[in-house]
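In case you want the letters, here they are:
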Amino acid sequence: MKALFIGGTGTISTAIVKRLAEELGWEVWLLNRGNRKEVMPDGVHQIICDINDEEAAAKAVEGMSFDVVNEFIGFTRDQVERDYRLFKDKTKQYIYISSASAYNKPAASYVITEGTALANPHWEYSRNKIACEEFLMEKYREEGFPVTIVRPSHTYDERNVPLGVHGKKGFYQVIKRMMEGKPVIIQGDGSSLWTVTFNKDFAVGYTGLMGNRHAIGEAFQITGDETLTWDQIYQTIADALDVELKAYHVSSDYLSAVGDKYGFDFEGSLTGDKSVSVVFDNRKLKRLVPDMRTTVRFDQGVRIALDYVLSHPECQVEDPEFDEWCDRVIDTLEKSKSVFV
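So, here is what we can say about the structure in this document. What you see is a predicted model; the values in this text were computed from it and never measured.

Reading guide: rules and limits
Residues numbered from 1 in each chain as written. Predicted model: local features only at pLDDT ≥ 70, side-chain atom pairs only at ≥ 80, totals over all residues. Heavy atoms only, no water. Pairing = 2+ DSSP bridges. Helix = DSSP H or I, 4+ residues; strand = E, 2+ residues; numbered from the N terminus. Axes fitted to C-alpha atoms, helices over the stretch in contact; angles between N-to-C directions. Buried < 20%, exposed > 50% of the residue type's maximum accessible area, 1.4 Å probe, protein only. Parallel < 35°, antiparallel > 145°, perpendicular 65-115°, else oblique. Left-handed = near helix turned anticlockwise from the far one by under 90°. Contact = heavy atoms within 4.5 Å.

**So, the sheet that holds strand β12 (residues 227-229)**
- Overall, mixed pairing links the three strands, which are arranged β8-β10-β12 in an open sheet. Of all strands in the sheet, those with a lone pairing partner are β8 (154-156) and β12, marking the two edges. Between one strand axis and the next, the sheet turns by 45° as a mean value, whatever way the strands run.
- Strand direction decides the pairing type here: β8 and strand β10 (residues 193-198), joined by three bridges, are parallel. When the bridges of β10 are listed, His 154 appears paired with Val 196.

In structure tokens form, the structure reads like this:
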């Protein structure tokens, strides 16, 4: 079996590429700009090309065909329209990575299935994903284009620690605040439910859909089975660091209002996603991929991630602007309490 990945070196796709190449014996090709070659397993082939240059991409894959084409960096409708033109006659299956954030927020039920309505008025990213799905499913219905939609939720690897509130430079400043004994902001009251999935577990579900005839024309969400509150997530991180968690709860509406001028899109990432309780029903996926299950609990996965991050200085990206912003938010709210004393 032969697969092409558009991208292939990200948090999710790296684990899938490794599983295919090292465990399942697929012939794997990556089409990307040639960054992060160090994460590629031996035997993986690479086409160095900017997929956004359609003419160059067409030349790069001329004469080639694939059992599965996997799109991991398609964020807007025009990008999947380009993919359709490039690969409609070159693949038996096209798998598009969408997002669980495309589900309506809040949904009619906190239990999310693939039939939950797609609508997100709070986040343009999610609306663009919905538009991509609609185009691809239209091509499936009208022309038989062999699309499969995959909707991940919060997936992480050894280089990332899942958080709700962080700055533009990523998660590390929150970890640093914890280690320094400073309070960390958690959206809402910390009791909403969330699901985090280690990328190696995700890869089992995803690869089980590749080349699977029953997956054509269908959408699947892929998450682990472990559901935690945000307070539990942050407490697990603090426990792994062996520090006291000093949680400071702030409403998502407030965070959106005071974060906007700093360029923090909390309306999208919180109101449109992480502040809403969700529990994913993965029975549809498991009917096709019985091996899909959680093998890396969050308390295990976060220790893997922290061990890696704290031993790799390049992962320790500080964010002084976000740090100052957190202090200002907390100080302002504390001072406001004195008005009612």
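Now that the structure is up, let's keep going.
**Considerations on the pairing of strand β11 (residues 219-222)**
- Neither face of β11 is left uncovered, since the one carrying Ala 219 and Gln 221 and the one carrying Phe 220 and Ile 222 both have all their residues buried.
- Bridge analysis of strand β7 (residues 147-152) against β11 gives four bridges, and the strand direction is parallel. Across the sheet, the residue bridging to Val 150 is Phe 220, located in β11.

**Considering the packing of helix α3 (residues 77-87) against helix α4 (residues 124-143)**
- Contact geometry for α3 and α4: axes closest at 8 Å, N-to-C directions at 30°. Relative to α4, the element α3 lies roughly parallel. Considering only the axes of α3 and α4, their crossing is right-handed. Touching Arg 77, Val 80, Glu 81 and Tyr 84 of α3 are Ala 131, Cys 132, Phe 135, Leu 136, Lys 139 and Glu 143, all from α4.

**Details of the environment of Glu 62**
- Topologically, Glu 62 is positioned in the loop between α2 (54-60) and β4 (68-71).
- Residue Glu 62 is classed as exposed on the basis of its relative accessible area, which comes to 61%.
- Residues Glu 62 and Ser 338, 276 residues apart in the sequence, show an inter-C-alpha distance of 69 Å.

**Digging into the environment of Thr 271**
- As for its placement among the helices and strands, Thr 271 is situated in helix α9 (residues 266-274).
- Put simply, Thr 271 and Lys 284 are 13 residues apart on the chain and 27 Å apart in space, counted from C-alpha to C-alpha.
- Once you skip the residues sitting within four places of it in the chain, Thr 271 turns out to touch Lys 105, His 122, Ser 252, Asp 253, Ser 256, Phe 266 and Val 276.

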